[in-house]
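Read off the chains here:
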Amino acid sequence: MGVINLSNNGSLESFWDNFHGPNTGYIEEQYELYTEDPDAVDPSLKEMFDEHGAPVWMEAGAERTTSNGAAAPSEQDIAKVTSAYKLVEAIRRHGHLEADIYAVGGKERYSELLDPATYNLTEQDLEAIPANWVWPDSPVKLKNALQVVKTLKERYAGTISFEYDHVNNEEERQWLQDKVDTGSFVVSLSDEEKKQLLNRLLDVEGFENFLAKTFVGQKRFSIEGLDIMVPMLEHIIQSSYADETEHIMMGMAHRGRLNVLAHILGKPYDKIFSEFHHSPDKELVPSEGSMGINYGWTGDVKYHFGARREIKNGEQHSTRVTLAHNPSHLEFVNPVVQGFTRAAQDDRSEAGYPKHIQDKAFGIVIHGDAAFIGEGVVAETLNMSDLPGYRAGGTLHVIANNLVGFTTDREHGRSTRYASDLAKGFEIPVVHVNADDPIACLSAAALAYEYRMKFHKDFLIDLVGYRRYGHNEMDEPRATQPHLYKEIDNHSTAATIYQERLQQEGVIKEEDFKEMKEKGENKLRELYQNMKENETAEPEAEKRPEAVENTLEEIETAVDFERLKALNEGMLKRPEGFNGFKKLEKILQRRSKMLEDGGKVDWATAEALAFASILEDGLPIRLTGQDSERGTFAHRHMVLHDVETGETYNPLHGLEQANASFAIHNSPLSEAGVLGFEYGYSVQAPESLVLWEAQFGDFANAGQVIFDQFVAAGRAKWGEKTSMVFLLPHGYEGQGPEHSSARLERFLQLAAENNWTVANVTSAAQYFHLLRRQAAISGKEEARPLVLMTPKSLLRNQRIADPGERFSEGKFNTITRQPGLSENKEKVKTLLIGSGKIMVEIEDATEKAEGQNFDTIAGVRVEQIYPFPDQRLKEIMDEYPNLEELVWVQEEPQNMGSWYFVEGILHRLLNKGQIHRYVGRPHRASPSVGEPNIHKTEQKRIINEALMMSKGGDSSERN
């Protein structure tokens, strides 16, 4: 209602006579608020109620008349004002239901929620109510509620509409309402800027038209129908200059990618043209000076590639724009971009958690409308947006909404009204905007960027357009969407619609438009004609970089013994007054004796020493996973909790020798999302050692797309390097099918071209050296991921603990000798080969086997399964002149584990007369049995067969 200034001269009755008609309803409502909380009303109203008390007509027993005997306002009058309030709020909340957001394919939109009749209001009723009663802070001068309704409908139900009522933060919601109410977010362009915008739309349209005419029938996933997306991205990037943003990380699916590469990332047109040309005996060569982009040796299709561009903003500042490479598994790039962004924001140069500077970088992710609502990884990624270990300071989301998912209509693709509705569950503001209205679209981008910079939270733009052709230009959309495409066929392009608007405004003339269009077409034609065709031989894949061929076996990883002792002592210190959990502290203090004479270092301590020494070397570490702070099996305890205050302490943060950050976070219950995030982080921060730990190894199944499309193949396809570590608990403990196998066989099936290391180590020192070796290659050409089968029951088994000298001497060994078997090389006929926990159990069995003779059996443990150390194994085989057979033993079923991977390798190593065979579980559909006693029986049988073998036969036949 605004500030009230009324004379308080005369009697109380005469004072209240100033209020009449519908106005009294407002006063009654405000007085009820005042009685509950005096500060809840306008200060002028508070002052009035403080002085005069309740309105006279509200006093007990008072008649519904004014002091001069006139009739008091009727209940009907009060109801009209209340209803008008409801209508106004409904427009703000539900204006999108009638908004003109569909360029094509939209039916006439009507909602009862926005109809005055729903509230028993007529235009005459609304005209009788003063404007300031229903919109007290109106930014424009309005006379009555009818004008208020019309004005707000223009702002909330035009070609741009808003959903923010689900945002529970009052400050954010009020900020958004003020922006829309006042229209202050709307972009205002000069005539010259309008011409530039039109020219950009013509660039976008002309580029697609040229590709369509020149490379007929080839896939390009054109942007046509969503052309304005390019100027929107440019507007956001230009806005970031003033904030001196260092990095803008982008991810997007196929649609519009080539146009974004050309106009946002600056990829030369001729470079793109050359990738389209695929004559069998010729290649199209770009002109000299075209940007060369270094991809992997196998490459990928052109609409999967990303790029980077450095944009100078004056002499002192530049912004790097990165578009992530993206496979056809569309939305899985989302968490990767989040990881890129967080890595670019983190300062990892000092001990403790990295310093998180949110404005150093931000992310932009462009989604498909069908994929955004359909793919679970989207929800996983959105859930990470405000978690401490994954927060990236707000991502700008754009749904490239073309109304159809391949050939699937909206009503068959989602159960929600809008593709964007998923975001509302995460309190992300949503703007729906018509892609045919360039100014509305730029305004949406401006609002999104300003919100992100102010609140550092995600924002979503539902850019509603269409696709002018089928899914990939080779499809015929009229077979599945005939009515929609009849409308599209008759629908003008965005550039044409905008030029008509500018002609009406007198900004350009029709001949100006034709001239701009011809100029763009001539530029592309001339560029293409100046390219050269060279005769070529049959095309071949690029060679792998020499560094990728490196076996890593020469890397020294030992740490001086005194240095290890100092690091160990440092990790056992606690801040003054810290009240640790006594039972736990007693266990941890045992580590102080592990490096003494006669002591042995267990797995957890070996890991802690590896981390500490890596930090001392100045390399940052990031470790995440479900329950990784404590460790799923209560072995790590890297974050300690004060039992009195609940505060936490990380021993590696208090380590005086640390020269880099150590981040450890319990992750959300997510695999695909978190894996993608950590992969992106490791690519953007190559100098860091990034580790992801599965709660149980088989949980990695839920992130298989990230392993298949990014981790295993990313460098071969795109030249994307990572040295990320995957810790996957693996081993048959009788816990049933789901917690036995980390699906080792799947990682071995993906292993080729030294794309990663797959290991299954059986000693603490081996783990220590392997982590340090991985740290040593981080950020170098030799970089590659490490997939490590980690122990469960073995974590506390003294057979895998090692004396201190194993850490201060030596390095990682790809093969180690099996203890407890024959040392007489002349007598050995059988070489037992295996990996992981089963070999430790065999060691235990040989020690307990009283009276048994193992003179004819020797054994080795393959600690690194890929790359397989075949040369080293061959050298060991040659040590036994009477060797007759190689026996591979494993606890996994025959169709799982390592057997199918190593079988061919072992066969190639055999000398004449030698054989190789398998001991283990038979072929199975499930990784293991569910009954613990049956498991024990099977495990015992495998061990007995491994230790009491005879030549020939396949042991699996006897199962």
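Details of the structure are given in the entry above.
On a predicted model such as this, the values are computed, not experimentally measured, just so you know. (Residues numbered from 1 in each chain as written. Predicted model: local features only at pLDDT ≥ 70, side-chain atom pairs only at ≥ 80, totals over all residues. Heavy atoms only, no water.)

Draft legend 1. Geometry of the sheet that holds strand S13 (residues 459–464). Strand order across the open sheet formed by eight strands is S1-S12-S13-S9-S8-S2-S5-S4, with mixed pairing between neighbours. Looking along the sheet, the strands with just one partner apiece sit at the ends: strand S1 (160–163) and strand S4 (307–313). If you compare each strand with its neighbour and ignore which way they point, the axes differ by 15° on average. Here six bridges tie strand S9 (residues 395–401) to S13, and the two strands are oriented parallel to one another. Counted as the bridge partner of His397 is Leu460 from S13. (Pairing = 2+ DSSP bridges. Helix = DSSP H or I, 4+ residues; strand = E, 2+ residues; numbered from the N terminus. Axes fitted to C-alpha atoms, helices over the stretch in contact; angles between N-to-C directions.)

Draft legend 2. Region of interest: the environment of Glu843. With respect to the helices and strands, Glu843 occurs in helix H31 (residues 837–848). Remark: the alpha-carbon pair of Glu843 and Gly618, spanning 225 residues in sequence, is separated by 39 Å. Reaching out from Glu843, the side chain makes a polar contact with the side chain of Arg799 at a distance of 3.2 Å. Engagement of the side chain of Glu843 in a polar contact is seen with the side chain of Arg861, the distance being 2.6 Å. (Polar contact = N/O pair within 3.5 Å; in protein donor to acceptor, adjacent residues only side chain to side chain.)

Draft legend 3. Examining helix H32 (residues 870–877) more closely. The complete set of buried residues in H32 reads Leu873, Ile876 and Met877. One side of H32 carries all its buried residues, which in axial view fall inside an arc of 100°. In this fold, the buried residues of H32 make contact with strand S23 (815–817), strand S24 (830–834), strand S25 (857–862), strand S27 (885–893) and helix H33 (899–909). (Buried < 20%, exposed > 50% of the residue type's maximum accessible area, 1.4 Å probe, protein only. Arc of directions from axis to C-beta. Contact = heavy atoms within 4.5 Å.)

Draft legend 4. Up close: the side chain of His916. Here His916 shows up in strand S28 (residues 915–921). Taking relative accessible area as the criterion, His916 reaches 19% and is therefore assigned buried. Residue contacts for His916: discarding those within four places in its chain leaves Leu886, Trp899, Glu903, Leu906, His907 and Leu910.

Draft legend 5. Inspection of the packing of helix H7 (residues 145–156) against helix H8 (residues 170–182) at higher detail. Where H7 meets H8, the closest approach of the two axes is 9 Å, and the angle between their N-to-C directions is 110°. If you check the angle between H7 and H8, you find them roughly perpendicular. Residues Leu152, Arg155 and Tyr156 of H7 touch H8, and the partners they reach there are Gln177, Val180, Asp181 and Thr182. Across the contact of H7 with H8, the residue classes tally to three nonpolar, two polar and two charged. (Parallel < 35°, antiparallel > 145°, perpendicular 65-115°, else oblique. Nonpolar A, V, L, I, M, F, W, Y, C, P; charged D, E, K, R; others polar.)

Draft legend 6. Seen up close, the nonpolar core. Phe162, Leu198, Met250, Val260, Phe273, Phe459 and Leu463 are the most contacted members of the largest nonpolar core, which has 101 residues in total. At 13 residues, helix H18 (residues 438–455) tops the list of elements feeding residues into this core. Val260 has contacts with Val230, Leu233, Met250, Met252, Leu265 and Leu323, leaving out every residue within four places of it along the chain. One finds Val365, Ala685, Val787 and Met877 within the second-largest nonpolar core, a separate group that totals 71 residues. (Core = buried A, V, L, I, M, F, W, Y, C linked by side-chain atoms within 4.5 Å.)

Draft legend 7. View of the side chain of Glu671. For Glu671, the position within the fold is in the loop between strand S18 (662–666) and helix H25 (672–684). Of the side chains bearing the opposite charge, Arg746 lies closest to the buried Glu671, which forms no salt bridge; the N-O distance is 12 Å. A polar contact is formed between the side chain of Glu671 and the side chain of Gln626, at a distance of 2.7 Å. Once you skip the residues sitting within four places of it in the chain, Glu671 turns out to touch Glu380, Gln626, Trp692, Phe699, Ala702 and Gly703. (Lys, Arg positive; Asp, Glu negative; His and termini not counted. Salt bridge = Lys/Arg side-chain N within 4 Å of Asp/Glu carboxyl O.)

Without other data, these values stay purely geometric and don't point to any function.
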